[in-house]
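Notes for the structure review
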There are 2 protein chains.
Amino acid sequence: MNLPPEFLTGLGNCLPSNLFSLRPSELEAYSRDESSQPAQLPLAVVWVETAEQTAAVLGLCNRFRVPVTARGGGSSLEGNSVPSPGSVALSLERMNKVLEILPQDFQCRLQPGVVYDNLNRQLARHGLFFAPGPSSGDVATIGGMVGNNAGGLNALRYGVTRNHILRLQVVLADGSIVWFGTQAMKTSSGFDLVQLMTGSEGLLGIVTEIILRLHGLPERKTALAQFADLDAAAQVVYEVMSSGILPGALELVDAASIRHINRYKGWDWPEVPTLIFEFHGTPSGIAEEVEIVREICVHLGAVRFEIAETPARRDQLWAGRKEITNAEKSLYPGFIMLKGDIAVPLSQYASTVRYAGALGKKHSLAISIFGHAGDGNIHWHTLVPPGDPAALANGELASAELIRHAISLGGTVTAEHGIGLAKREFLVEEHGAAVDVMKKIKQALDPNGILNPGKMFLEKD
Amino acid sequence: MNLPPEFLTGLGNCLPSNLFSLRPSELEAYSRDESSQPAQLPLAVVWVETAEQTAAVLGLCNRFRVPVTARGGGSSLEGNSVPSPGSVALSLERMNKVLEILPQDFQCRLQPGVVYDNLNRQLARHGLFFAPGPSSGDVATIGGMVGNNAGGLNALRYGVTRNHILRLQVVLADGSIVWFGTQAMKTSSGFDLVQLMTGSEGLLGIVTEIILRLHGLPERKTALAQFADLDAAAQVVYEVMSSGILPGALELVDAASIRHINRYKGWDWPEVPTLIFEFHGTPSGIAEEVEIVREICVHLGAVRFEIAETPARRDQLWAGRKEITNAEKSLYPGFIMLKGDIAVPLSQYASTVRYAGALGKKHSLAISIFGHAGDGNIHWHTLVPPGDPAALANGELASAELIRHAISLGGTVTAEHGIGLAKREFLVEEHGAAVDVMKKIKQALDPNGILNPGKMFLEKD
């Protein structure tokens, strides 16, 4: 498959020659994301610098029916930004400017290629932050977060990405540039196209500018609690969430993950189910919340309850959660890491974590479980030895069983990673006939199907 | 215009004879909402009791191209539920059951005709509530709140209706029944059809079942602060919102509204700009917030700061906000009340309230202003004497000026009432070419245009 010469001439008219490339090394560099999905070479890589360039490229692609897969940091986990076959990979990396910070409005205006951690470094000078807190914040771009409706550690208290988007500038499939949304904090004006676009994984348009809602940086306090068994930890989660306290973060880490952390760090934490709390608010409000949570934990038999009294200790407690992936990559070199991302109603959290553990035993797999317990989000890693197709098949089988378990409980097949390539078969299982409605919307906004085709929907659906 | 006999036969096959009516008194009763829009008689009134009946009626209407306007409590304020010309008025009032309360999941499942206050009475037994808090909570149905994405007093802390919807059962224009969404607290699975449906004012489908996200009932404390001038009150709003405190409610009431309340109630409150706060949380968290807010208010020259020490006094302070409409209806009998509902970025709040006051003077109109100051939402009432078309024209002119002022500041033409009939001309002014995208979605989901036609979009758009 090759791009027609007329298309390449057109591309040269849209963009300076340094903003597109057909070089194999570039095609290779843009052929994958952070998932275990197979690489797919694009036919060209394009780096846009403006909305107008994006519009020109999309108009051209639409005319020639050439698919376009947009990408930010390439840190998606389900193949969301792996180029569609025969596509142009359209990188937003160069559109990486924070255009305006509006502290009086708790807002900022930025380009989609801004990296999450960079944004928050700039916002911190104004006492503000963009809250969700994805684990991949050092590479994830805000545009990519919009595309996948990314969550993270702080989504429990502040909401996921979709709860922070006020306005989006979007280039549609036909190359037109439109603005969705308002800078007001709430609106009932027309269909909510901002919400439709958020989480649409590049299938409905390409975001070229974003106005975000921000929060004031709160005081913080971190606590860690460990429990002899999972039921006690899960009961703590439920009782804390019922108490009227809304923690900044409430994370579960299972015994297997703590075992990995201990080996990686040379620590000797009890290898039991662990909760990590972050409390946000005013100093005495936090102090009161810490005491309430300490009482709940002690009452339910915590074997350890520790408040981080220094920033260094806080970082150390958080390492028990944040270093899981690094620990496992180091301890299991060459292993394939299958990553899961379901969410279930809160009352089903403990039983689902137990179910995941049992699946690991059943399939003789190393499955470690952790996640955003406060909002019912369960992540898991299945570590599959290299060159063992039977184990890989088992790992995928276990993932599918766990995903279907979530569906059976009224849960979702993906809480914050999106559908991409990897979860397509489960979209219909979760949503049934609603998928036809999604496809009608896709057809209405992208009649030639040039935007990230092959993602989200299976052909046969 | 009449319904064809074959259609009426079909209706008789869909529904028992007590569930539809062509009687003039019934048509008259369902011909208006709470707006100042002219009444429009429907051709028939239908009261559905199940999703299946709704599906049968929509299938029939779609076959005969008969428009359908769904309605709940009929308390919409922009003509949203005034029947489309030649339509069937489809009432969801009889679908008024709370089907399931799931305290462990902070969720409930209910039919769309449940009235807001009734729902919260049932939820209170479980220590839970559905937070937004519309002023019309004694008549507004949850289905209507979904249709208009209703807000209210507590939206500041908890979000508007759209932030509380997990799943919706929807009957589409072709009579098919689908479910959108998930019972998980967050999801990135496919296009967010729940968000698309919320606020779509009956143009994309009819909601027949709802799963809501709930909050635990917090401790509450109410405070009132009064200021010699508007700038001081507005500065307090900004400083409170910057302090990290998120009040349960933060309302502004202007001097004119307080004057009305004084006359209605026989009170002698200082007739100056007034803020009403509600603090939600744990007891000592609330105590700390009250002290911080008291300091801010005193520092900025409050002429009065009062904490309600009893429930009776709390209700009395709140009456200063909640009784405004009743006071004005009583003091200005027969007057037309034009109601406004813009929102602007927070930094523009004070200047916009001042602009509204100046408009009243310019047009010699009695304009009273109040609203959800914490999220930049400004409501106003323009009281137009009966039988004075010049004053009415002036009132409408003033509304249009204020709405366009909001647009010029990046705000929205409606924060929580929706577009309906009254705001249609402003939809394009606010959204520009994005309205074409909305219309493409409408066309994709309702190709025959039977769902609430003539609302939201002007024909010429």
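Let us now look at the sheet that holds strand S6 (residues 107-110) of chain A. All names here are of chain A. One open sheet accounts for five strands, arranged S5-S6-S10-S8-S9; its pairing is antiparallel. The open sheet has two edge strands with one neighbour each: strand S5 (98-102) and strand S9 (177-181). Taken pair by pair, the neighbouring strands of this sheet meet at an average axis angle of 15°, ignoring direction. Summarising the sheet, S6 and strand S10 (residues 206-213) pair through four bridges and their orientation is antiparallel. For Gln-107, the partnering residue across the bridge sits in S10 and is Arg-213. Contacting S5, S6 and S10, helix H4 (residues 116-124) runs over the sheet at an angle of about 40° to S5.

Attention shifts here to the domain arrangement of chain A. Residue and element names in this part refer to chain A. Here chain A is partitioned into domain 1 (98-216) and domain 2 (219-325). A C-alpha centroid distance of 29 Å is found between domain 1 and domain 2. Taken together, the contacts link seven residues of domain 1 with 13 residues of domain 2. With both chains or domains summed, domain 1 and domain 2 bury close to 820 Å², and 55% of this area falls on carbon and sulfur atoms. Among the residues domain 1 hides against domain 2, the three largest losses belong to Leu-153, Leu-156 and Arg-157. Together they make up 74% of the total. Taken together, the links from domain 1 to domain 2 amount to zero salt bridges. Along the contact surface separating domain 1 from domain 2 lie four residue pairs in polar contact (both at pLDDT 80 or more). Tallying contributions element by element places helix H6 (residues 155-158) first for the side of domain 1 that touches domain 2, with three residues.

Quick look at the relation of the copies chain B and chain A now. Once chain B has been moved 0.0 Å along the axis and rotated by 180°, it coincides with chain A to within an RMSD of 0.0 Å. In symmetry terms, the pair is related by a two-fold rotation axis. The rotation axis passes nearest to the C-alpha of Gly285(B) in chain B, at a distance of 2.3 Å. The overlap is high: 100% of the interface residues of chain B also sit at the interface in chain A, so the same surface is used on both sides.

Attention now goes to unusual backbone geometry. All names here are of chain A. Although it is not a glycine, Glu-201 adopts a positive phi angle of roughly 55°. Inspection of the secondary structure assignment puts Glu-201 in the loop between helix H7 (193-197) and S10. Here the phi dihedral of Met-456 falls at roughly 70°; this positive angle occurs in a residue that is not glycine. Its location among the elements puts Met-456 in the segment after helix H16 (434-445). Judged by relative accessible area, which is 0%, Met-456 ranks as buried.

Turning next to the packing of aromatic side chains. As enumerated under the stated definition, the model contains 18 aromatic pairs over all chains in all. Between Phe129(A) and Tyr158(A), the ring centres sit 5.3 Å apart and the planes meet at 85°, which makes this aromatic pair edge-to-face. Taken together, the positions of Phe129(A) in strand S7 (residues 128-129) and Tyr158(A) in helix H6 put the pair 29 residues apart, joining distant regions of the chain. Of the two residues examined, Phe129(A) and Tyr158(A), each falls in the buried class. Plain terms: the ring middles of Tyr332(A) and Phe335(A) are 5.1 Å apart, the flat faces sit at 65° to each other, and that makes the pair edge-to-face. The class for Phe335(A) is partly exposed, based on a relative accessible area of 29%. Sitting over the ring of Trp318(B), Lys322(B) keeps its end group 5.3 Å from the ring centre.

Our focus in this paragraph is the interface of chain B and chain A. Contacts between the two partners involve 77 residues from chain B and, on the opposite side, 77 residues from chain A. In total, chain B and chain A occlude about 5900 Å² of area from one another, counting both sides; carbon and sulfur atoms represent 60% of this. A per-residue breakdown of the area chain B buries against chain A is headed by Lys186(B), Ser188(B) and Phe191(B), which together make up 16% of the total. At the boundary of chain B with chain A, the tally comes to six salt bridges. Put simply, Asp375(B) and Lys186(A) hold a salt bridge, and the shortest N to O gap is 3.1 Å. Linking chain B with chain A are 42 residue pairs in polar contact (both at pLDDT 80 or more), by the criterion used here.

Residues and elements named next belong to chain A. Tallying each qualifying case throughout the model produces zero disulfides over all chains. Of all cysteine sulfurs, the one in Cys-14 lies closest to Cys-61, which takes part in no disulfide; the gap is 8.2 Å. With a relative accessible area of 0%, Cys-61 lands in the buried category.

Moving on to the packing of helix H14 (residues 389-408) of chain B against helix H15 (residues 424-431) of chain B. Residue and element names in this part refer to chain B. Where H14 meets H15, the closest approach of the two axes is 10 Å, and the angle between their N-to-C directions is 20°. In terms of axis orientation, H14 runs roughly parallel to H15. Of the two elements, H14 crosses H15, and the hand of that crossing is right-handed. Together, Ala-400, Ile-403, Arg-404 and Ile-407 of H14 and Glu-425, Phe-426, Glu-429 and Glu-430 of H15 make up the contact between the two elements. When the residues that make up the contact of H14 with H15 are grouped by side-chain class, the tally is four nonpolar, no polar and four charged.

Parameters at a glance
- Residues numbered from 1 in each chain as written.
- Chains lettered and ligands numbered in written order.
- Predicted model: local features only at pLDDT ≥ 70, side-chain atom pairs only at ≥ 80, totals over all residues.
- Heavy atoms only, no water.
- Pairing = 2+ DSSP bridges.
- Helix = DSSP H or I, 4+ residues; strand = E, 2+ residues; numbered from the N terminus.
- Axes fitted to C-alpha atoms, helices over the stretch in contact; angles between N-to-C directions.
- Contact = heavy atoms within 4.5 Å.
- Domains from an automatic or database assignment.
- Buried area = accessible area lost by both parts, 1.4 Å probe.
- Salt bridge = Lys/Arg side-chain N within 4 Å of Asp/Glu carboxyl O.
- Polar contact = N/O pair within 3.5 Å; in protein donor to acceptor, adjacent residues only side chain to side chain.
- Least-squares fit on C-alpha atoms with pLDDT ≥ 70 in both.
- Buried < 20%, exposed > 50% of the residue type's maximum accessible area, 1.4 Å probe, protein only.
- Phe/Tyr/Trp six-rings, centres within 6.5 Å; stacked < 30°, edge-to-face > 60°.
- Lys NZ or Arg CZ within 6 Å of the ring centre and 35° of its normal.
- Disulfide = S-S within 2.5 Å.
- Parallel < 35°, antiparallel > 145°, perpendicular 65-115°, else oblique.
- Left-handed = near helix turned anticlockwise from the far one by under 90°.
- Nonpolar A, V, L, I, M, F, W, Y, C, P; charged D, E, K, R; others polar.

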